[in-house]
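So you can see what is in the structure, the chains are spelled out below.
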Amino acid sequence: MSVVQPAGRGAATRGLMKTWALIRNTWRTLTSMGTALVLLFLLALGAIPGALLPQRSLNAGKVDEYLAQHSTIGPWLDKVQAFDVFSSFWFTSIYVLLFVSLVGCLTPRLAEHMRSLRAVPVAAPRNLARLPKHHAAVLDGKVDGDPAQLAAAMSDRLKGWRRTTRTEDGSTEISAEKGYLREFGNIVFHFSLLGLLVAVAAGKLFGYEGNVIVIADGGPGFCSASPAAFDSFRAGNTVDGTSLFPICLKVDDFDAEYLPSGQAVSFAANIQYQDGHDLNTDTWRPYRLEVNHPLRIGGDRVYLQGHGYAPTFTVTFPDGQKRTTTVQWRPDDPLTLLSSGVIRVDPPGGTYPDPDERRKHQIAVQGLLAPTERLDGTLLSSSFPALNDPAVAIDIYRGDAGLDTGRPQSLFTLDPRLIGQGRLTKQARVNLKAGEQTRLNDGTTIRFDGAVPFINLQVSHDPAQVWVLVFAMSMMGGLLVSLVVRRRRVWVRLTPGAAGTVSVELGGLARTDNSGWGDEFERLTVKLLGEE
């Protein structure tokens, strides 16, 4: 009697089987070594835009400048998160898929390597003559024809080999293998690769990185009290900025050496810093900060990344009150450090009691700074990056500089809308050397006092950096071991012969690299047969 299964239930079963087959095949494809290699290549390929294009997490101003200069392709790149590569959905997807692929691919391989590491040498093949390396001999009168005694002597000569002795059908067999350290190297390499990925991910989750410009020669210094103290700040997903390691530092002076061509040879800054208990006792510690020699303190690393110049201007208003300001300007030419920027000066209290009148008499100075002046007529440029003969070419504006609007403004350029709306009007265009000044029609004077260096610092905190180093070194060590150590197998079969003789048959197999195996097998044959 047959039972007829309902058509609906059979269709549902077939649907579940198809779904399960799809999931199983997808998982097998994802966890194959080929897929892992493809994802690793895609990860490296995806990191290229992050190296070639400005990244919003590092310098949002550069991203805005790129978008302004590339009005056609820029918005399209922004839509695919090309300016936020390492936090983009597609880069994160590749990273997660690579991690899952490696875990699924390497876990069974780790288990296989562990079994191989503990494995007993396999029994000898039935026909040793078919092996790539083979040797046969007859020993006469050395051990009174006793194969077991001869096998024990040969086994003792195989120092450094994993060996076992078997007896079958009157014959004694020795199975020996070496090179198990190669499997240990494979295990270490695979485990370290997974650990490296986890450590890098942990560093991104719990680390942070901030950039700040600090003016040298008596500048105000810097304290890492909060993310607001940095010019740009990139926090990990678990960092809220309330538990940053407290550091205060100030720059005493800055030294740079240049070739006659203007290329920088070296630069370093003499700084003073405080941390921890020093903040309570107001104790400053000296340190010479150099490129690739960061200050390491409290799990943070402070790097010297670059430098430039900050001009100083003194504005004297008609009533005699003065305002002096020093602001960093952006180096536009990396070879000569010709820089551009802007300063904004609000009149002192009491000069213009009426707020609207005071707002109309704000001063803005925009222009170029040359560390070493070179003039082509009145066109200013710089001939050398050192601060040998500083000069500026500036436009002076008066009016509403936007200081009290509450809107963020560029540190290096004036808002063109303020000029276009007539709220800022140009009063003069002049070239000034250090100590020179110019006077406006209302009696206001602007004096260029000179320039001082500034340095660009990066404060990085990565709690997993030590583990990244450990796993990277162990991964390289495991890879080196797996490449250098060679797997070798050798078998010896001893069969008693006539009149006290023993027939000895040897076979050898190289499981990995065959180079040099012929000479090695011949030396091993001589050693085992006692012909040395």
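Remember, it's a predicted structure, so these values are computed and weren't measured experimentally. (Residues numbered from 1 in each chain as written. Predicted model: local features only at pLDDT ≥ 70, side-chain atom pairs only at ≥ 80, totals over all residues. Heavy atoms only, no water.)

Visitor: Is there a simple way to think about the sheet that holds strand β9 (residues 285–290) in this case?
Guide: Strand pairs in the sheet, formed through backbone hydrogen bonds, run parallel or antiparallel to each other. Strand order across the open sheet formed by 4 strands is β5-β7-β8-β9, with antiparallel pairing between neighbours. Two strands in the sheet have a free side with no partner beyond their single neighbour: β5 (222–223) and β9. Taken together, the 2 bridges between β5 and strand β7 (residues 247–258) define a ladder with antiparallel strand orientation. Its bridge partner being in β7, Cys-223 is matched across the sheet by Cys-248. (Pairing = 2+ DSSP bridges. Helix = DSSP H or I, 4+ residues; strand = E, 2+ residues; numbered from the N terminus.)

Visitor: I keep staring at the sheet that holds strand β2 (residues 162–168) and nothing clicks. Help me out?
Guide: The strand order β1-β23-β22-β3-β2 describes an open sheet built from 5 strands, whose pairing is antiparallel. Since the sheet does not close on itself, it has two edges, and those belong to β1 (133–140) and β2, each with one partner. Within this sheet the neighbouring strands show an average axis-to-axis angle of 15°, counted without direction. (Axes fitted to C-alpha atoms, helices over the stretch in contact; angles between N-to-C directions.)

Visitor: Mind showing me how you'd approach the packing of aromatic side chains here?
Guide: Working definition: an aromatic ring pair is given by the centre-to-centre distance plus the angle between the planes. Counted according to the given criterion, the structure contains 13 aromatic pairs. Between Phe-86 and Phe-91, the aromatic rings sit 5.3 Å apart at their centres with planes inclined by 85°, giving edge-to-face as the arrangement. Owing to a relative accessible area of 47%, Phe-86 belongs among the partly exposed residues under this scheme. According to the relative accessible area criterion, Phe-91 is buried, its value standing at 10%. With a centroid separation of 5.9 Å and an interplanar angle of 40°, the aromatic rings of Phe-254 and Phe-267 are classed as tilted. Residue Phe-254 is found in strand β7, and its partner Phe-267 is found in strand β8 (residues 264–275); the two are separated by 13 residues along the sequence. Accessibility classification places Phe-254 together with Phe-267 in one group, the buried group. An aromatic cluster of at least three residues, connected via ring pairs, comprises Tyr-208, Phe-222, Phe-230 and Phe-233. We note Lys-79 situated over the ring of Trp-76; from NZ or CZ to the ring centre the distance is 4.7 Å. Across from the ring centre of Tyr-180, 3.8 Å away, lies the NZ or CZ of Arg-162, which sits over that ring. (Phe/Tyr/Trp six-rings, centres within 6.5 Å; stacked < 30°, edge-to-face > 60°. Buried < 20%, exposed > 50% of the residue type's maximum accessible area, 1.4 Å probe, protein only. Lys NZ or Arg CZ within 6 Å of the ring centre and 35° of its normal.)

Visitor: How should I be thinking about the state of the cysteines in this particular structure?
Guide: Here a disulfide denotes one covalent bond, and it connects the sulfur atoms of two cysteines. Scanning the model with the defined rule gives 1 disulfide in all. The side chain of Cys-223 participates in a disulfide bridge whose partner is Cys-248; the two sulfur atoms lie 1.9 Å from each other. Residues Cys-223 and Cys-248 are joined through a disulfide that is right-handed, its torsion about the S-S bond being 115°. Note that Cys-223 is positioned in strand β5 and Cys-248 in strand β7, a separation of 25 residues in sequence. (Disulfide = S-S within 2.5 Å.)

Visitor: When you look at the layout of surface pockets in this model, what are you seeing that I'm missing?
Guide: Empty space left among the atoms is revealed by rolling a probe the size of a water molecule over them. Counted as a void, the largest pocket has a volume near 1400 Å³. Secondary-structure elements contributing two or more residues to the lining of the largest pocket are α3 (60–69), β4 (208–215), β8, β11 (300–316), β13 (330–331), β14 (339–345) and β21 (445–461). In terms of residue count, the dominant contributor to the lining of the largest pocket is α3 (5 residues). Taken together, the residues of the lining of the largest pocket sort by class into 20 nonpolar, 15 polar and 7 charged. (1 Å grid on protein atoms, 1.4 Å probe; cavity = no way out; pocket = protein on both sides within 12 Å on 5 of 7 lines; lining within 4 Å. Points joined across faces, edges and corners; volume = space filled by probe spheres on them. Nonpolar A, V, L, I, M, F, W, Y, C, P; charged D, E, K, R; others polar.)

Visitor: Looking at this structure, I do not really get helix α11 (residues 465–484). What am I missing?
Guide: Think of an α-helix as 3.6 residues a turn; residues three or four steps apart then line up on the same face. Compared with an ideal rise of 1.5 Å per residue, which puts 20 residues at 28 Å, α11 spans 29 Å between its outermost C-alpha atoms and is within 8% of the ideal. Those residues of α11 that fall on the buried side of the exposure criterion are Phe-471, Met-475, Gly-478 and Ser-482. Looking straight down α11, one finds that the buried residues subtend no more than 70° of arc, so they occupy a single side. In α11, the exposed positions angled more than 90 degrees off the buried face are occupied by Val-466, Leu-469, Met-473, Met-476, Leu-480, Leu-483 and Val-484. Its buried side turned inward, α11 meets α7 (180–206). (Expected span 1.5 Å × (residues − 1). Arc of directions from axis to C-beta. Contact = heavy atoms within 4.5 Å.)

Visitor: Would you mind going over the side chain of Glu-173 with me for this structure?
Guide: Relative to the elements of secondary structure, Glu-173 occurs in strand β3 (residues 171–178). Side chain to side chain, Glu-173 and Arg-493 meet in a polar contact 3.1 Å long. Sequence-distant contacts of Glu-173, that is, excluding residues within four places in its chain, are made with Ala-124, Thr-164, Thr-165, Arg-166, Val-492 and Arg-493. (Polar contact = N/O pair within 3.5 Å; in protein donor to acceptor, adjacent residues only side chain to side chain.)

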